[in-house]
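Residue-level listing of the chains:
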Amino acid sequence: MIVDIEEFGGIDDGCTDNSKAFADAMAALSETGGGTLRIMGSAYLTGPIELLSNISLEIGKNTTLSFVSDINRYPPVLTRWEGVVCYGMHPLIFARGAKNIELKGEGTIDGNGQPWWEALRRKKRKGQNKPLESFETELAELNKYNGGQPSGGGGREIQFLRPPLVQFFGCSDVAIEGLKFQNSPFWTIHPVFSNRISIRNISIHNPSDAPNTDGIDIDSCKDILVTGSTIDVGDDCLAVKAGSGEQGISEGKSSERIVIRDCHFKQGHGGVVIGSETAGGIYEILVSDCSFDGTDRGVRIKTRRGRGGTVSRLRFSDLHMKRALCPVAINMYYRCGAKLEECSKLFSLEHQPVDALTPHIHDIEISNLRAQECRASAGFIIGLPESPIENLRMRNCRIELSRNDMVAPSESEMFEGLPEMQARGIRIRNANCDFDGLEVLGLPEGEAPYFREPSPN
């Protein structure tokens, strides 16, 4: 069954709120067992949309679907926000427990994120550090939030839990193809606890200064394919996550069997990123034939004490990078979201007791990497003294530093607690690495391609 949004009163003038038309169309399709909802006009404005099982949403080539920016239109729903299951604002497009769903076409989905970004900036300028507005206090009450949950960089402490543009929560057999996504209030495409997802030939664009606007965040999901896509955003381009802290460990939901190939990553803090929410474990990731143009870090793995989980069996091959700050960054001293009172333990250079919240990284292979004009360093590989990075192999990798426009080596990663270094080669600490066919070009005279820092006895 194929229906058009105009059959349910949809108006394509870009200013009429079509929320009722979308809800009625979804309900009608669901009652008949499913089908396709087409929107083929010029521009449609709506509030949040919920996708139901066996339904495809198809957006025409010259069509834009955009969302109202009234915060009160996105009521609390149970979600996972920066690694913690809690209540957050309703995603703009949301599916929960649905099967066999599609987002497809050649059109554009616009999250109209500017008001959300400005609201967060305003709160930060004022120094807000706790829930104040009614929707924030409502979320804090629902979440029984007392400041104790882990946080990334998004601002959990004020409970301004902005919505992703698209979220699939506990779904299976999902396809996204052909569309352009832009201006997300928060993360752009966020599958959580979902399986068998195919993302093909899409593009994602958020401004470089738009806060926390990751491209794709694969979160405790299995059997995922991302191919033929371009991502250009204000945070990490494509991240694989698996929950944070004690809750993530108790859930035990890993991310596994993920294939990323033939993709192009542009601006962003990282290209293909693992973490920093690693508690449930991240395994069997294959990344191949991808290009990175101006991405701060190409291959990026980030975690820290308190995050927990194991990262293992990752393969990166045939990658081409240009103008990265650092082409390979593996960081177990990741600083973002750490509380001041915890920093002395989280970022200590001394051995700490190993427990369930200690992360582990091993069995990583990077081959046929070509990186040009790297602007901070050739690499950053830092494990923990009590949990060194094990069995990291780099094969046939050629890394060339830029001849101009260099920045400090400390810009290689977002770390805390480590001594500052001036060397430009691959920095190694608490890590067992094997290099075969490694070239690092453009180093200052007399500097080695890589250097190992002493570990505490």
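Residues numbered from 1 in each chain as written. Predicted model: local features only at pLDDT ≥ 70, side-chain atom pairs only at ≥ 80, totals over all residues. Heavy atoms only, no water.

Caption draft 1: Layout of the sheet that holds strand β25 (residues 270-275). Strand order in this open sheet of 12 strands is β5-β10-β13-β16-β19-β22-β25-β27-β29-β31-β34-β37, and the pairing throughout is parallel. Each edge of the open sheet is held by one strand with a lone partner, namely β5 (49-50) and β37 (450-452). Here strand β29 (residues 326-331) runs beside strand β31 (residues 379-382); their pairing, made up of 3 bridges, is parallel. Across the sheet, residue A329 finds its bridge partner in β31, namely F380. (Pairing = 2+ DSSP bridges. Helix = DSSP H or I, 4+ residues; strand = E, 2+ residues; numbered from the N terminus.)

Caption draft 2: Examining the pairing of strand β20 (residues 222-227) more closely. Across 5 bridges, the pairing between strand β17 (residues 195-200) and β20 is parallel. Along β20, the bridge assignment pairs S198 with L225. Sheet topology places β20 next to strand β23 (residues 255-261); 5 bridges connect them, and they run parallel. Counterpart to V226 in the pairing with β23 is I260.

Caption draft 3: Quick look at the side chain of R80. Within the secondary structure layout, R80 lies in strand β8 (residues 76-81). Exposure remark for R80: the relative accessible area of 1% places this residue in the buried category. Among the polar contacts listed, one links the side chain of R80 to the side chain of S220, at a separation of 2.9 Å. At 2.6 Å, the side chain of R80 and the side chain of E251 are in polar contact. When residues no more than four places from it in sequence are discounted, the contact partners of R80 are V85, Q167, F169, H190, V192, F193, D219, S220, A242, G243 and E251. (Buried < 20%, exposed > 50% of the residue type's maximum accessible area, 1.4 Å probe, protein only. Polar contact = N/O pair within 3.5 Å; in protein donor to acceptor, adjacent residues only side chain to side chain. Contact = heavy atoms within 4.5 Å.)

Caption draft 4: Layout of helix α2 (residues 114-125). A rise of 1.5 Å per residue sets the reference length of α2, with its 12 residues, at 16 Å; its end C-alpha atoms lie 16 Å apart and thus fit the reference within 8%. Of the residues making up α2, those classed as buried are W116, W117, A119, L120 and K123. Looking down the long axis of α2, one finds its buried residues gathered within 160° of arc, a one-sided arrangement. Phi turns positive, to about 75°, at G127, one or two residues after α2. (Expected span 1.5 Å × (residues − 1). Arc of directions from axis to C-beta.)

Caption draft 5: Seen up close, the pattern of salt bridges. Within the structure shown, the criterion is met by 29 salt bridges. Note that K123 and E133 form a salt bridge whose closest N and O atoms lie 2.4 Å from each other. Of this pair, K123 sits in helix α2 while E133 is found in the loop between α2 and α3 (134-142), placing the two residues 10 residues apart along the sequence. K123 gets classed as buried once you look at its relative accessible area, which sits at 4%. (Salt bridge = Lys/Arg side-chain N within 4 Å of Asp/Glu carboxyl O.)

Caption draft 6: Broad picture of the side chain of D232. Relative to the assigned elements, D232 resides in strand β21 (residues 230-232). Of the side chains bearing the opposite charge, K266 lies closest to the buried D232, which forms no salt bridge; the N-O distance is 4.3 Å. What D232 contacts, discounting residues up to four positions off in sequence, is I204, H205, N206, K266 and Q267. (Lys, Arg positive; Asp, Glu negative; His and termini not counted.)

Caption draft 7: Here's a closer look at the nonpolar core. L65, F168, F181, I216, I260 and F265 are the most contacted members of the largest nonpolar core, which totals 121 residues. Tallying contributions element by element places strand β30 (residues 360-374) first for this core, with 6 residues. Beyond its immediate stretch of four places on either side in the chain, I216 contacts I189, I199, I202, I204, V226, I231, C237, L238 and A239. Core analysis: the next-biggest nonpolar cluster, separate from the first, contains 5 residues, V77, F94, F169 and F193 among them. (Core = buried A, V, L, I, M, F, W, Y, C linked by side-chain atoms within 4.5 Å.)

Honestly, that's just the spatial picture; any functional story needs more than this.
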